[in-house]
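Geometric and topological summary
Now for the letters of each chain:
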Amino acid sequence: TLRALEVLANQTVNALESAQIHARTRRQAVMDGLTGLYNHGYFQEVLAKEARDHAESSLPFSVLMMDLDGFKVVNDTFGHLAGDEVLRAVAETVRGFIRREDIAARYGGEEFALFLPRCDASTALSIGERIRSAVEGLRVDVGGGERAASVTLSVGLASFPTDGRDHHEILDLADQA
C-alpha cells in the first residue's frame, strides 16, 4: 500500500509540474515578456473573434492605438534599459485605466493597442484621454534615481459600427488617427 501511494504521489507531482509548464508556455505564447501585456498576435486573434461577436449582437466596441512620442530620445539619451523601464511604466499605467474585459497589448516596439468591448466612441475617448494624460505625467527614474525619463503618448481611436464595418477597418482607422 505504501509503495502504491508513493507511485501515485510521484505521478501527481509529475502531472502538476506538466500543468505548470503548459500554463507557463501558454502565457509566454500570448504575453509580451517585457510589459506583461498581451502580445500583437494574441491581440489580433481576440480582436477578430470579439469583433465578429459584437457585430452579430449589434454591440459597439472601440480600439485605441497608442504610440509613444519621444521614445527614441529616451533610448538614445538614457540607454535601452531605461527605455525598457519606460515601456513597463507605460504598460502599468494603461493597466490602471482598463476594465477586466478590456484587452491591452504591446502592439510593437513602442506601440500599444487597447480593445474596449461594449464601449462607444465617447467613452473610449475619455479612457484614451485619461491614459494619455497619465503617461504625460510619468517620470521614470533612470540612473539610480538621479535622472528621470519621460514621454508623451499619441492616441488614435476608432469605434464600431460608427467608423467601420469590421475589425480590419476599425484597427486601420485607429492606427491612422
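Residues numbered from 1 in each chain as written. Predicted model: local features only at pLDDT ≥ 70, side-chain atom pairs only at ≥ 80, totals over all residues. Heavy atoms only, no water.

This part covers the overall build of the chain. A count of helical and extended segments in the chain gives 6 helices and 6 strands. Going residue by residue from the N terminus, the α and β elements of the chain occur as α-α-β-α-α-β-β-α-β-β-β-α. The globule rule puts the C-alpha radius of gyration for 177 residues at 16 Å, and the 20 Å found for the chain is more than 25% above it. Here the C-alpha coordinates of the chain stretch approximately 70 × 55 × 20 Å along the principal axes. (Helix = DSSP H or I, 4+ residues; strand = E, 2+ residues; numbered from the N terminus. Rg over C-alpha atoms; globule rule 2.2 N^0.38 Å.)

Moving on, we get to the side chain of Thr 35. With respect to the helices and strands, Thr 35 occurs in the loop between α1 (2-30) and α2 (40-56). Of note is the side chain of Thr 35, whose polar atom sits 3.2 Å from the backbone nitrogen of Leu 37. Not counting chain neighbours up to four residues away, the residues in contact with Thr 35 comprise Leu 87, Arg 88, Ala 91, Arg 95, Arg 106 and Phe 112. (Polar contact = N/O pair within 3.5 Å; in protein donor to acceptor, adjacent residues only side chain to side chain. Contact = heavy atoms within 4.5 Å.)

A separate point is the environment of Val 94. By the element assignment, Val 94 lies in helix α4 (residues 80-95). Each C-alpha atom, one on Val 94 and one on Leu 125, is 14 Å from the other, the two residues being 31 residues apart in sequence. Leaving out residues up to four positions away in the same chain, Val 94 has contacts with Met 66, Ala 104 and Ile 131.

In this section: the sheet that holds strand β3 (residues 111-117). Read across the sheet, 4 strands follow the order β2-β3-β1-β6 without closing on themselves; strand pairing throughout is antiparallel. For this open sheet the edge positions go to β2 (103-108) and β6 (152-160), each flanked by a neighbour on one side alone. Neighbour to neighbour, the strand axes of the sheet diverge by 20° on average, direction disregarded. Note: strand β1 (residues 61-69) against β3, 7 bridges, orientation antiparallel. For Ser 62, the partnering residue across the bridge sits in β3 and is Leu 116. Strands in contact with helix α5 (residues 121-136) are β1, β3 and β6; relative to β6, the strand with the most contacts, it is inclined by about 170°. (Pairing = 2+ DSSP bridges. Axes fitted to C-alpha atoms, helices over the stretch in contact; angles between N-to-C directions.)

Before going further, it helps to examine the packing of helix α3 (residues 71-78) against α4. Interaxial distance between α3 and α4 falls to 7 Å at its minimum, and their mutual angle equals 140°. Looking at the two axes, α3 sits oblique to α4. Of α4, the residues touching α3 (which contributes Phe 71, Val 74, Asn 75 and Phe 78) are His 80, Ala 82, Gly 83, Val 86 and Leu 87. Across the contact of α3 with α4, the residue classes tally to 6 nonpolar, 3 polar and no charged. (Parallel < 35°, antiparallel > 145°, perpendicular 65-115°, else oblique. Nonpolar A, V, L, I, M, F, W, Y, C, P; charged D, E, K, R; others polar.)

Turning next to α4. For an α-helix, 3.6 residues make a turn, and residues three or four places apart therefore share a direction. Over its 16 residues, α4 extends 22 Å from the first C-alpha to the last, a length consistent with the 22 Å expected when each residue adds 1.5 Å. Turning to α4, its buried residues number three or more, namely Ala 82, Gly 83, Val 86, Leu 87, Ala 89, Val 90, Ala 91, Thr 93 and Val 94. (Expected span 1.5 Å × (residues − 1). Buried < 20%, exposed > 50% of the residue type's maximum accessible area, 1.4 Å probe, protein only.)

The biggest cluster of nonpolar side chains holds 28 residues, and the ones touching the most others in it are Met 66, Leu 68, Val 86, Val 90, Phe 112, Leu 114 and Ile 131. If you list the elements that add at least two residues to this core, you get β1, α3, α4, β3, α5 and β4 (140-142). Residues contacting Leu 114, with those up to four places away along its chain left out, are Phe 43, Ser 62, Val 63, Leu 64, Met 66, Ile 98, Asp 102, Ile 103, Ala 104, Ile 127 and Ile 131. The next biggest cluster of nonpolar side chains, apart from the first, holds 20 residues, and it includes Met 31, Leu 47, Met 65 and Ala 158. (Core = buried A, V, L, I, M, F, W, Y, C linked by side-chain atoms within 4.5 Å.)

A word on the environment of Leu 37. Counting through the fold element by element, Leu 37 comes out in the loop between α1 and α2. Remark: the alpha-carbon pair of Leu 37 and Phe 112, spanning 75 residues in sequence, is separated by 9.1 Å. Apart from residues no more than four positions distant in its own chain, Leu 37 is found in contact with Val 30, Met 31, Asp 32, Ala 91, Arg 95, Ala 104, Ala 105, Arg 106 and Phe 112.

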